[in-house]
Structure formats: structure tokens, C-alpha cells
Amino acid sequence: MTTAQRTLWRHARLATLHGSTPWGWLDDGALLVDGERLAWVGRDDDVPAGSAVDAEVDLAGALVTPGLIDAHTHLVYAGERAGEFEQRLQGASYEQIARAGGGIQRTVAATRAASDDSLFALAAPRARALMAEGVTTIEVKSGYGLAADHEARCLGVARRLGRELPLAVRTTSLGAHALPPEFAGRADDYIDAVCGWLPAQASAGLVDAVDGFCDTIGFTPAQTRRVFDAARALELPVKLHAEQLSNQEGAALAAGYGALSCDHLEHLSASGIAAMRQAGTVALLLPGAYYFLRDTTLPPVAALREAGVPMAIATDHNPGSSPTLSLLLMLNMACTLFRLTPEEAFRGVTIQAARALGLADRGTLAVGQRADFAVFDAEHPRELAYRFGHNPCRRVVFAGQERARCIAPGSLA
Ligand code: NIG
Ligand code: FE
């Protein structure tokens, strides 16, 4: 562990993502870390003479990038759904399984039955798997509790991950994820309840943003609007699972509330794109869910690019539609399946992912930014999108401190 206050990291191949050059590239770069922040970033030759440092590290040409950001996960849950995977392989659809009482409901039952400690014990290794690839910030949604106490417990477990691991955690309240069985046939009453929980979640410091699932097996645009009105009253930003299985014009609705991001977007319409562009809403694309559900409708990437809508990429880690714990694999899938360029995909897990979380202090390597970065055994960041099923991350610095070299599964780093 490097514990020095001021550390100079030298001779890195540096992808800063700062400025207007491709990748913000520096062939032989250096970073000066002062406490939790970057005090200087530039060419190694230009390191200010006489900089007082406590320690110096020679990276010998290793690749350094901003710490990766997974801006959409459902990391806190119990149980798995491998049986549903088998059912889907035999022809059942995600929607049919959900309507038959499986899907999200199955995970809700298992999550409600689990203690806070066991939810934490299940979530921590998932977080560590993400961290091992260079992830330094994650978003975690609730949405498998679907009752006031269980939703608060899941958000509390997410907060605990941020306290006990060298990882920044942003929490999102997703009560409007699915209709719990006790509200069967009473979706509007359930939405009343969800809106009623938000003030207590907010005052307990459990929530950074509010999300919903606007779709045929989720909630209607009118119900989503009510959740967003409740969020707005608390000055909480919103985001939305939008146009995943069908077009509900959810993206335009969310953009009207200045949403940070609209996520999935396979069925996004031209008017949705226009509304997102106008609001500055990030298109958060989730290739893992597209792949795992064997979807055939691609999100309109070319039109999003053309419109200048920023695109982010995340794992969507969850037990039903995307049980992956590899953000690096998502880079590859974003390129091969969605036709993003490697640089677009990489910006999608750094600077644009930060934007999708409303964070301006990370996602690039520039003076004043958080000193969150990852060191990879690679010559160029395009290799991170090119290889798959391979983890070249060698070191991670989080808030200026180097994490334990290898974050072994099962150990708290
Ligand atoms: O992002 N779309 C809804 N929610 C999740 C899936 C949740 C689940 O199947 O458990 C998603 O794909
Ligand atoms: Fe999701």
C-alpha cells in the first residue's frame, strides 16, 4: 500500500480522457497525487522541477486510465436465477417468466428472506470482482425489497459497501422496479407507497437518485411520472429503465425531468433521442442484458451518436438479465454488439459514466480530479475493449491510496 501524502507516478502510457485529443493520450506521462486529488498531470519530461514528493513510482510504460465507473448495477440481492436461464434457453421469454411470477419476484422473495449481514456478505464479493478490473465507483440500485423496510435495508447494505470497501458507492432508489405480490392488481396504490417511502430514505441519507422501470412488465408512464414528481419534491435526480422491452416514450418523459440517464434504450424512438439531447441526458447502454436476453433489437447507437447524446456503458449486474461482473467484457460487447468505437466504449465507463451519476470530479485524469486510477498491463486502452475474458488490471489507486495489490475473492481489501 502506498500511504504517502504526495506521490509522483512516472512513466505511464496515460489515457487521461481530458482535452480534445483522442483518448487524451500522453505517451510518457506522469501524475502527481496530493492526498485524494490529482495535483499535476502531464508529460513526464515536464514534471515540475523540484516538486516536493514523499514517494515516486516508476510505472515503466504501463497503461494508466481513470478508475472505471459502473453506473448501473443491482448488486444487492439474494439467490440466483440459473433455472430461468435454462427455461429461456428452452424457449420461454423473460416477459413470460416474469408474468408467471418468476423473474424479479423470485429475487424479491429471496432478498426479503435474507438478513442484512448475509446481503452484505453476498454483495461484497460482487463488488470486489468489479474492483479487481479497475472499478473505483459503482452505482447500486434497490428494487428487490419492494417494501419500505426491505428497500431501506438494501440501500443500507449498498451504503455499507462504500464504507467498508475502498470503493465509492452511489445509491439509487428503485422501488418502482416491479409490483410486489401483496399489491397485485393495485399498481397505483403501490406507486403511492413508493412515493411515500422516498422522504424517509432521503432523510436517512440512503439515496442519491431515483429510478423506475417503465415497461409493459413494469410501470406505466403515468405511474413513472408520479415517482418522478416525488423525487423532484425532494430535489433528487432521476433516471429510468426506459424502452428496454417496448417503446413507452419513457425516455422523453424522463428527459422532461432532466434525467441523469435513460438506461437500456433498445426501443428508443427518434423523439426520445431528441428529448434526451435537449436535456443533456446520458444514454446508458447495457450490452450484457441485450446479450443475455438474446435480444435482437439494437439500441439506436448511430442516431444517438449523430445527435450528440453522450453514451455510457455499464454491467447492469443483476441475477435475471445480466449476471456479469465484468465491466471490461462490457467494453468488448459495446463494440462488437452495439458498434461503439473502443474509445466511445471506454469513455462510456469513465467520463460519461460519471456524468450518468451526476459526478464531475472523476472519469478523467486532470488537475483537481479525484486520484482514482487503474494500471493495466497493456500498451493502449483500445486493448481493453479488444481482449475479452481477460483481466489485465495490475494496480488500482482509490482516492490517492493504492489498494492491496490483488483483491482476492473472499477477502476484504
Ligand atoms: O435492468 N429491467 C429491469 N430490471 C433489470 C432486471 C432485473 C431482474 O431481472 O432481476 C434490468 O435488466
Ligand atoms: Fe437494470
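Residues numbered from 1 in each chain as written. Chains lettered and ligands numbered in written order. Predicted model: local features only at pLDDT ≥ 70, side-chain atom pairs only at ≥ 80, totals over all residues. Heavy atoms only, no water.

A. Molecular detail of the coordination of the iron ion (ligand 2). With distances of 2.0 to 2.3 Å, the protein atoms coordinating the iron ion (ligand 2) are His72 (NE2), His74 (NE2), His241 (NE2) and Asp316 (OD). Along the chain, the residues donating to the iron ion (ligand 2) fall in the pattern H-x1-H-x166-H-x74-D. Here His72, found in the loop between strand E6 (68–70) and helix H1 (82–89), pairs with His241, found in strand E10 (residues 239–242); they are 169 residues apart in sequence, far enough to count as distant. (Donors = N, O, S within 2.8 Å, 3.2 Å for Na, K, Ca; no water. Helix = DSSP H or I, 4+ residues; strand = E, 2+ residues; numbered from the N terminus.)

B. Inspection of helix H9 (residues 270–279) at higher detail. Turning to H9, its buried residues number three or more, namely Gly272, Ile273 and Met276. Buried residues of H9, seen end-on, are gathered within an arc of 100 degrees and therefore sit on one face of the element. Of the exposed residues in H9, the ones pointing more than 90 degrees away from its buried face are Ala270 and Gln278. On its buried face, H9 is in contact with helix H8 (250–256), strand E11 (261–264), strand E12 (282–285) and helix H11 (301–307). Gly280, located one to two residues past H9, shows a positive phi value of around 75 degrees. (Buried < 20%, exposed > 50% of the residue type's maximum accessible area, 1.4 Å probe, protein only. Arc of directions from axis to C-beta. Contact = heavy atoms within 4.5 Å.)

C. Structural view of the sheet that holds strand E7 (residues 135–141). The 8 strands lie next to each other as E6-E7-E8-E9-E10-E11-E12-E13, forming an open sheet whose pairing is parallel. With one partner strand each, in any of the chains shown, E6 and strand E13 (311–313) form the two edges of the open sheet. Each adjacent strand pair in this sheet contributes to an overall mean axis angle of 25 degrees, direction not counted. Relative to strand E8 (residues 168–176), E7 runs parallel, the two being bridged by 5 bridges. For Ile138, the partnering residue across the bridge sits in E8 and is Val169. Contacts from helix H5 (residues 148–164) reach E7 and E8 within the one sheet, and its direction differs from that of E8 by about 170 degrees. (Pairing = 2+ DSSP bridges. Axes fitted to C-alpha atoms, helices over the stretch in contact; angles between N-to-C directions.)

D. Expanded view of the packing of aromatic side chains. Applying the stated criterion across every chain yields a total of 9 aromatic pairs. Arranged with centres 4.9 Å apart and planes meeting at 15 degrees, the rings of Phe85 and Phe292 form a pair that is stacked. With Phe85 in helix H1 and Phe292 in helix H10 (residues 287–292), this residue pair connects regions lying 207 residues apart in the sequence. Here the aromatic cluster, defined as three or more aromatic residues joined through ring pairs, consists of Phe183, Tyr190, Trp197 and Phe219. Taking the ring centre of Tyr77 as reference, the NZ or CZ of Arg126 above it sits at 3.6 Å. Lying over the aromatic face of Phe120, Arg160 brings its terminal NZ or CZ to 3.8 Å of the ring centre. (Phe/Tyr/Trp six-rings, centres within 6.5 Å; stacked < 30°, edge-to-face > 60°. Lys NZ or Arg CZ within 6 Å of the ring centre and 35° of its normal.)

E. View of the site of ligand 1. Taken together, 15 residues surround ligand 1, and among them Arg81, Tyr94, Tyr144, Gln244 and Ser321 come closest. Contacts to ligand 1 include Tyr94, whose side-chain N or O atom sits 2.4 Å from an oxygen atom. In this structure, His241 approaches ligand 1 through a side-chain N or O atom, which is 3.1 Å from an oxygen atom. Contact with the protein chains hides 100% of the accessible area of ligand 1, taken as 330 Å² for the molecule alone. Residue composition of the shell around ligand 1, by class: 4 nonpolar, 9 polar and 2 charged. (Near = heavy atom within 4 Å. Polar contact = N/O pair within 3.5 Å; in protein donor to acceptor, adjacent residues only side chain to side chain. Areas by Shrake-Rupley, 256 points an atom, 1.4 Å probe, with all protein chains shown as cover. Nonpolar A, V, L, I, M, F, W, Y, C, P; charged D, E, K, R; others polar.)

F. Quick peek at unusual backbone geometry. Even without glycine at this site, Leu17 takes up a positive phi of about 60 degrees. Relative to the elements of secondary structure, Leu17 occurs in the loop between strand E1 (6–15) and strand E2 (25–34). For Ala399, which is not glycine, the phi torsion reads 50 degrees and is therefore positive. The topology assignment puts Ala399 in the loop between strand E15 (393–398) and strand E16 (401–402).

G. Structural context of the state of the cysteines. For the coordinates displayed, the defined rule picks out 0 disulfides. Left unpaired, Cys195 is separated from the closest cysteine sulfur, that of Cys214, by 14 Å. Free of any disulfide, Cys335 has its nearest cysteine sulfur in Cys393, 19 Å distant. Given the relative accessible area of 13%, Cys335 is considered buried. (Disulfide = S-S within 2.5 Å.)

H. The packing of helix H4 (residues 116–131) against H5, seen in detail. Closest axis-to-axis distance for the H4/H5 pair is 10 Å, and the angle between their directions is 50 degrees. Taken together, H4 and H5 sit at an angle that is classed as oblique. Read as a crossing pair, H4 and H5 show a hand that is right-handed. Seen from H4, the contacting residues are Asp116, Asp117, Leu119, Phe120, Ala123 and Ala124; seen from H5, they are Arg153, Cys154, Val157, Arg160, Leu161 and Glu164. When the residues that make up the contact of H4 with H5 are grouped by side-chain class, the tally is 7 nonpolar, no polar and 5 charged. (Parallel < 35°, antiparallel > 145°, perpendicular 65-115°, else oblique. Left-handed = near helix turned anticlockwise from the far one by under 90°.)

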